[in-house]
Amino acid sequence: MSQDLLYERLADRMRRQIQRGVLRAGERLPSLRRLGRDQRISLATAVEAYQQLEREGLIEARPRSGYYVRSAPMQAPRSPRARHLSRAPMPVRNPALLGVLDVQSRRDLVPLHAATPAAALLPSAALAASITRVMRRDPGTALGYTVPQGLPELRERIAQRYGQCGVEIDPDEIVITAGAMEAISLTLRTVTRPGDIVILETPTYHGLLQAVAAQGLRVLEVPNRPGLGIDAAQVGELLERHAVRAALLVPNFNNPLGSLTSDADKRALVAACAAHGTVVIEDDLYGELAYSGERPSPLRRYDDGEHVVTCGSYSKMLAPGLRVGWMIGGRRTTELLRTKSFSTVATATLPQMALIEHFARHDVERGLRRLRRALADNAQAYRQALLDHWPDGTCVAEPAGGMTLWIELPDDIDGQALFEAALERGIGTLPGHLFSNRGDYSHHMRLSCGQPWDRKIETALRTVGELAKGLQG
Ligand SMILES: Cc1ncc(COP(=O)(O)O)c(C=O)c1O
């Protein structure tokens, strides 16, 4: 039999097995070598069969892990409609934002609301050992004030990491902060004045809306398209019509969509902002958490430090509680450093020293690979559960990285009502209207998929699905 026929027959058989559920979503497929051996075919034929199924969207390759059956193709959420491209800048007017604190303060919920990886996915024991070592070795330094800019060894480490993805950063343009959120707030405070106009995505992380509200800014919203990210042409349109001081954007795995903005859009976006004298504040918190392929470029790749300030942190890859983040200021570094030191003097010393110790002793890249794989698996398993247990017509965006799932419910289900019903059952979720300036997305929800798939999560997802069905009609 010709090689062509062989691979087609194999692909046919596997396609039918996937369609009939014999091979289940998320299941790992035999390695190419094993497939070749079992089926008595050449490696090239096995590769061709898998490539065919990949093209059809039935299976996916995960780097250094193997081939997996994809979740049943679900409908992507309808793209936000054109009305979401703002006509006029508006102050943040979403009263629901004030309620987020109540949910964040609860420790008794199944945490589908918190965009954080489960402790089991993070190197908690190794970090604890690093903290102990630092305290034994040099308690005086660890418990004292440190320099406002942050420890040089840590800044060098951050610069090196960007260097590995082709972006040259000088450690002297980095300022260490208490997480990305402080970096973003300080940058807004440095580059804007109350009443200025800023561009945000819609939907976007509610914390960014809160930071913008705290600074008394007015917002223009640009749609983030499910699966596609930010459209530079639409940003350009807003820049033409309004005097925009800053654009606060999450191009790599936006929270809540998990979408990735293309390199072409990133480049065009930076160029458009540069041409209009608009400062780009890049929130690159999820850049290291791609489910497949390379770490995507930060916007700073397309700038020389003149127009872009990049903010990031170790919250999602190592430990949110250490509260260590950074801003990369380019030509604004001195101003940013001044704002930082006038605000909190310096970031806590002990977590910075513990991280330096951790990096000297551990292979962080290995831990990251494990985390990315786990998050990709979680996202797939959660999506499948939504497909199985939530009302017909529920749409879920397919994230390319990060740890959030954006859900569009059928029109007769109110996101806030579902959020409240779930809360009564001890399950944390977030209603969609927290993710826009004007409280749009009243039929949406955001879930975190940071918790490993287990019985508790499965039960929680099934329960919320049943509650959603109960709210219909
Ligand atoms: C997009 C985005 N930016 C910033 C933050 C806050 O990060 P950090 O813990 O580093 O302050 C979050 C947290 O969920 C987020 O999703």
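The protein chain has the name Bacterial regulatory, gntR family protein in an unreviewed UniProt entry, where Lysobacter antibioticus is given as its organism. We quote the UniProt Sequence similarities (unreviewed entry) comment for the protein chain here in full: "In the C-terminal section; belongs to the class-I pyridoxal-phosphate-dependent aminotransferase family."

Visitor: Let's hear about the side chain of Arg-372: which residues, and what values?
Guide: Residue placement: Arg-372 occurs in helix 14 (residues 364–389). Excluding residues that lie within four positions of it along the chain, Arg-372 makes contacts with Arg-161, Glu-288, Leu-289, Ala-290, Tyr-291 and Glu-365.

Visitor: How would you explain the pattern of salt bridges if you had to name every residue and give the values?
Guide: Here the structure, examined in full by the defined rule, presents 26 salt bridges. Note that Glu-357 and Arg-133 form a salt bridge whose closest N and O atoms lie 2.8 Å from each other. Of this pair, Glu-357 sits in helix 13 (residues 349–361) while Arg-133 sits in helix 5 (residues 124–137), and the two are 224 residues apart along the sequence. With relative accessibility at 7%, the residue Glu-357 sits in the buried group. A salt bridge links Glu-182 to Lys-340, with the shortest nitrogen-to-oxygen separation between them at 2.9 Å. Here the residue Glu-182 occupies a position in helix 8 (residues 179–191), and Lys-340 occupies one in helix 12 (residues 333–344), the gap between them amounting to 158 residues. A relative accessible area of 1% places Lys-340 in the buried class.

Visitor: Explain the sheet that holds strand 13 (residues 395–396) to me, using residue names and the numbers behind them.
Guide: Judged by pairing direction, the sheet is antiparallel, and its four strands sit side by side in the order 13-14-17-16 without closing on themselves. Looking at the sheet topology across the chains shown, the edges are occupied by strand 13 and strand 16 (430–431). Across two bridges, the pairing between strand 16 and strand 17 (residues 444–448) is antiparallel. Note that in strand 17 the partner of Leu-430 across the bridge is Arg-446.

Cut-offs used in this document
Residues numbered from 1 in each chain as written. Predicted model: local features only at pLDDT ≥ 70, side-chain atom pairs only at ≥ 80, totals over all residues. Heavy atoms only, no water. UniProt positions renumbered as here; feature names shortened; annotations may be inferred. Helix = DSSP H or I, 4+ residues; strand = E, 2+ residues; numbered from the N terminus. Contact = heavy atoms within 4.5 Å. Salt bridge = Lys/Arg side-chain N within 4 Å of Asp/Glu carboxyl O. Buried < 20%, exposed > 50% of the residue type's maximum accessible area, 1.4 Å probe, protein only. Pairing = 2+ DSSP bridges.

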